[in-house]
Amino acid sequence: MEETKPNADCNVLVSPNGPLMIIGKIEIKHSDGRVENKEKTTAFCRCGAPANKPFCDGSHRIIEFIG
């Protein structure tokens, strides 16, 4: 696994019964090798239901995710 450096300009918020909200600049390395940069707020799924994983699409509300 590649070493990563901490990003002091990034905060993580765990939304009750919802996604992980990453606030700040991040680089996402997908399993297929693609690299994607996000500049503001990014919501990552915790419920497992979205069609656009790893991102949240609000499916947690539909399946009534608790977590």
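This write-up is about the structure you can find in this document. (Residues numbered from 1 in each chain as written. Predicted model: local features only at pLDDT ≥ 70, side-chain atom pairs only at ≥ 80, totals over all residues. Heavy atoms only, no water.)

## Here's the deal with the packing of aromatic side chains
Okay, step 1: This model, assessed by the stated rule, comprises one aromatic pair.
Okay, step 2: The ring of F55 carries K38 above its face, with NZ or CZ at 5.0 Å from the centroid. (Phe/Tyr/Trp six-rings, centres within 6.5 Å; stacked < 30°, edge-to-face > 60°. Lys NZ or Arg CZ within 6 Å of the ring centre and 35° of its normal.)

## Re the sheet that holds strand β2 (residues 20–24)
Okay, step 1: Read across the sheet, three strands follow the order β1-β2-β5 without closing on themselves; strand pairing throughout is antiparallel. Because the sheet does not close on itself, it has two edges, and the strands there are β1 (10–14) and β5 (41–44). For this sheet, the mean angle separating the axes of adjacent strands, direction not counted, is 20 degrees.
Okay, step 2: Two elements, β1 and β2, share five bridges in a ladder whose sense is antiparallel. Across the sheet, residue C10 finds its bridge partner in β2, namely G24. (Pairing = 2+ DSSP bridges. Helix = DSSP H or I, 4+ residues; strand = E, 2+ residues; numbered from the N terminus. Axes fitted to C-alpha atoms, helices over the stretch in contact; angles between N-to-C directions.)

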